[in-house]
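If you want the building blocks of each chain, they are given just below.
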Amino acid sequence: MLELAILGLLQEAPMHGYELRKELTAKLGAIRAAISYGSLYPTLRRLQAAGWITEAAETSATAEEVPALTSRRGRVVYTITAEGKERFAQLIAQTGPETYGDTGFGVHFAFFSRTDRATRLRILEGRRRTIEERREGLRDMLGRAAERLDAYTLELQRHGLEACEREVRWLEELIANERSGRAPTVPDDGTAGGRREDNSPPPPGESRNERP
């Protein structure tokens, strides 16, 4: 999934490694916790070896852009190639179990604006099935083992069940929007990116308290 995220970001503009890290944080939000930044440079080298990105001339990075002790490679600017754009198009069109899990779904969802509607719908429906199965598993576990769980473990399982139920409702709304050709509604409340006023869940990996 890191490959998809990097190629998608480099389609927006050439970036050096530190910029990519910042943009990954901004683009993926809490999902970034599932992505190891230790694999960023190895992935960049692999993408370069495949011919999907190239290294451009170094820029005169300022101290603010590149923190102290950052190595020289942080000032190498990476640019996506024509082959890299084709690779991104292939990755963004993929659907399957790997796109329904928390990390895979989150990364794909972050680039939904560049995904065709049919693919978006397949991913959303697959994600809904995944969360419904998770919800039913929690319900079954609570029904069979609730009396054996201590109060805190029971509360944690109930919290997980409620989160699944909220996400299913959110996904059903998104699916209905896709089928009718509507984009998700962003309230015009004067805040950056809008604010959800309903009970829909946050994106995968993000807690409600982390919202602005």
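Reading the values: rules and limits
Residues numbered from 1 in each chain as written. Predicted model: local features only at pLDDT ≥ 70, side-chain atom pairs only at ≥ 80, totals over all residues. Heavy atoms only, no water. Phe/Tyr/Trp six-rings, centres within 6.5 Å; stacked < 30°, edge-to-face > 60°. Helix = DSSP H or I, 4+ residues; strand = E, 2+ residues; numbered from the N terminus. Buried < 20%, exposed > 50% of the residue type's maximum accessible area, 1.4 Å probe, protein only. Lys NZ or Arg CZ within 6 Å of the ring centre and 35° of its normal. Axes fitted to C-alpha atoms, helices over the stretch in contact; angles between N-to-C directions. Parallel < 35°, antiparallel > 145°, perpendicular 65-115°, else oblique. Left-handed = near helix turned anticlockwise from the far one by under 90°. Nonpolar A, V, L, I, M, F, W, Y, C, P; charged D, E, K, R; others polar. Core = buried A, V, L, I, M, F, W, Y, C linked by side-chain atoms within 4.5 Å. Contact = heavy atoms within 4.5 Å.

- Going by what an unreviewed UniProt entry lists, the chain is known as PadR family transcriptional regulator and is assigned to Micromonospora radicis.

**Looking at the packing of aromatic side chains**
Item 1. Overall, the coordinates contain 5 aromatic pairs when judged by the stated rule.
Item 2. Their ring planes at 40 degrees and their centres at 5.5 Å tell us that F105 and F109 sit as a pair that is tilted. Remark: F109 and F105 occur in helix α5 (residues 102-110); sequence separation between them is 4 residues, near one turn of the helix.
Item 3. What makes F109 partly exposed here is its relative accessible area of 24%.
Item 4. Here F109 and W170 contribute two aromatic rings whose centre-to-centre distance is 5.5 Å and whose plane-to-plane angle is 55 degrees, an arrangement assigned as tilted. Linking F109 in helix α5 with W170 in helix α7 (residues 151-180), this pair joins segments that are 61 residues apart in sequence.
Item 5. An aromatic cluster is present here, built from F105, F109, F112 and W170 joined pairwise through their rings.
Item 6. Stacked on the ring of F111, the Lys or Arg K27 has its end atom at 5.0 Å from the ring centre.

**Notes on the packing of helix α6 (residues 117-145) against α7**
Item 1. Running from amino to carboxyl end, α6 crosses α7 at an angle of 155 degrees, the nearest separation of the two axes being 9 Å. In terms of axis orientation, α6 runs roughly antiparallel to α7. Crossing hand, α6 versus α7: left-handed.
Item 2. In the contact of α6 with α7, the residues fall into 13 nonpolar, 3 polar and 15 charged.

**Focus: the nonpolar core**
Item 1. Ranked by internal contacts, the top residues of the largest apolar core, which has 26 residues, are I6, L7, L10, L20, L44, Y78 and F111.
Item 2. Secondary structure elements with two or more residues in this core: α1 (2-12), α2 (17-28), α3 (40-49), β3 (77-80), α4 (82-92) and α5.
Item 3. For this core, the element with the most residues is α1, which contributes 7 residues.
Item 4. Setting aside its immediate chain neighbours within four residues, F111 contacts L4, A5, G8, L9, K27, F88 and I92.
Item 5. If you look at the next biggest cluster of nonpolar residues, it comprises 18 residues, including F105, I123, L124 and V168.

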